[in-house]
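Topology and contacts: notes
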Amino acid sequence: MRKIIYPGTFDPIHNGHIDIAMRAAKLFDVLEFVVAVNVEKDPLFNVDERLSLIKESTNHIENISVSRFTGLVVDYAKNSDSIAIIRGLRHVSDFEFEFQMAMMNFYLNPDIASLFMMPDEKYIHLNSTIVKDVVKNGGNVSAFVPSCVNDALLSKYSG
Ligand code: ADP
């Protein structure tokens, strides 16, 4: 079974993440979203909320699963019998960090491949921070997030 993991914070999941996941899932038997527990970013949604929003947003895709992780991504990949890590690349600005991370992951475990995909151009400028900022300030992001995420954002910011 060829399995790939998709690690990240996903605070919250948006259509750019889903675009990458759907296309990567076609190339593997299983794609597993793995949600980082120990993030330094002070997320808006706790881990359980982030997991359940991913589950609900991807429940129409049969070979996608969702879990959480702490520690090193390459260790999680190895322990879960995954052969690769998928990451999204939007701009040149993503490249530098992703390149360093991929090199370090290769050093830590050369058996785990790092793969990169660009999203559909309509999601190229999308990120979770901007989605949260727009909703916080009364804007509508329903074109960029699944409806469960839209509802969750509205209820977070409605007090
Ligand atoms: P991070 O992993 O930096 O905490 P995220 O959880 O938002 O950030 O992102 C997880 C993965 O999804 C990363 O590989 C990131 O590059 C990718 N990603 C984020 N936003 C988009 C987007 N709009 N299009 C494609 N990939 C994206």
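Owing to the predicted nature of the structure, the values given are computational and were not obtained by experimental measurement. (Residues numbered from 1 in each chain as written. Predicted model: local features only at pLDDT ≥ 70, side-chain atom pairs only at ≥ 80, totals over all residues. Heavy atoms only, no water.)

**Describing the side chain of Asn 109**
- Topologically, Asn 109 is positioned in the loop between α4 (92-108) and β5 (113-117).
- Within the structure, Asn 109 has its side chain in polar contact with the backbone nitrogen of Asp 111 (distance 2.9 Å).
- Discounting residues that sit within four places of it in the chain, Asn 109 has contacts with Val 74 and Lys 78. (Helix = DSSP H or I, 4+ residues; strand = E, 2+ residues; numbered from the N terminus. Polar contact = N/O pair within 3.5 Å; in protein donor to acceptor, adjacent residues only side chain to side chain. Contact = heavy atoms within 4.5 Å.)

**So, helix α2 (residues 47-58)**
- An ideal rise of 1.5 Å per residue puts 16 Å on 12 residues; α2 measures up with 17 Å between its terminal C-alpha atoms.
- Along α2, the positions that sit buried rather than exposed are Val 47, Arg 50, Leu 51, Leu 53, Ile 54, Ser 57 and Thr 58. Down the axis of α2, the buried side of the element spans an arc of 165°, and every buried residue falls inside it.
- Its side-chain oxygen placed 3.1 Å from the backbone nitrogen of Asp 48, Asn 46 serves as the N-cap of α2. (Expected span 1.5 Å × (residues − 1). Buried < 20%, exposed > 50% of the residue type's maximum accessible area, 1.4 Å probe, protein only. Arc of directions from axis to C-beta.)

**A look at the pairing of strand β1 (residues 3-8)**
- Within β1, 6 of the 6 residues are buried, which leaves the element mostly enclosed by the surrounding structure.
- The alternating pattern of β1 places Lys 3, Ile 5 and Pro 7 on one face and Ile 4, Tyr 6 and Gly 8 on the opposite face, and all of these are buried.
- One ladder, built from 6 bridges, connects β1 with strand β2 (residues 30-36); its direction is parallel. From the neighbouring strand, Ile 4 faces β2, where its bridge partner is Leu 31.
- In this fold, the crossover linking β1 to β2 by way of helix α1 (residues 15-25) has right-handed handedness.
- Relative to strand β4 (residues 84-88), β1 runs parallel, the two sharing 2 bridges. Paired with Ile 4 across the two strands is Ala 84, which belongs to β4. (Pairing = 2+ DSSP bridges. Right-handed = clockwise from strand over helix to strand, strands pointing away.)

**Here we look at the packing of aromatic side chains**
- Inspection of every chain in the model, using the stated rule, returns 5 aromatic pairs.
- Here the aromatic rings of Tyr 6 and Phe 33 are separated by 5.1 Å at their centres, their planes lie at 40°, and the arrangement is tilted. In this pair, Tyr 6 is assigned in strand β1 and Phe 33 in strand β2, connecting sequence segments 27 residues apart. Judged on exposure class, the residue Tyr 6 and its partner Phe 33 are both buried.
- With centroids separated by 6.1 Å and ring planes inclined at 55°, the aromatic side chains of Phe 69 and Tyr 76 adopt a geometry described as tilted.
- A relative accessible area of 19% means that Tyr 76 is categorised as buried.
- Three or more aromatic residues joined by ring pairs make a cluster, and in this case those are Tyr 6, Phe 10 and Phe 33. (Phe/Tyr/Trp six-rings, centres within 6.5 Å; stacked < 30°, edge-to-face > 60°.)

**Some remarks on the site of the ligand**
- If you check the shell around the ligand, you find 16 residues, and the closest are Thr 9, Lys 41, Gly 88, Tyr 123 and Leu 126.
- Between the ligand and Thr 9 there is a distance of 2.4 Å, counted from an oxygen atom to a side-chain nitrogen or oxygen.
- Arg 90 places a polar side-chain atom, nitrogen or oxygen, 3.1 Å from a nitrogen atom of the ligand.
- Those elements that place two or more of their residues in the shell around the ligand are β1, α1 and β4.
- Among the residues forming the shell around the ligand, the class breakdown is 7 nonpolar, 6 polar and 3 charged. (Near = heavy atom within 4 Å. Nonpolar A, V, L, I, M, F, W, Y, C, P; charged D, E, K, R; others polar.)

**Concerning the pairing of β5**
- Sheet topology note: the β4/β5 ladder contains 5 bridges and is parallel. The residue of β5 that forms the bridge with Ala 84 is Ala 113.
- Following the backbone out of β4, through α4 and into the adjacent parallel β5, one traces a crossover that is right-handed.

**Section: the pattern of salt bridges**
- This structure, assessed with the given rule, holds 8 salt bridges.
- For Glu 32, the salt bridge goes to Lys 3, with nearest N and O atoms at 2.7 Å. Remark: Lys 3 occurs in strand β1 and Glu 32 occurs in strand β2; sequence separation between them is 29 residues. The same class applies to Glu 32 as to Lys 3, namely buried. (Salt bridge = Lys/Arg side-chain N within 4 Å of Asp/Glu carboxyl O.)

In short, shape yes, function no, at least from these values alone.
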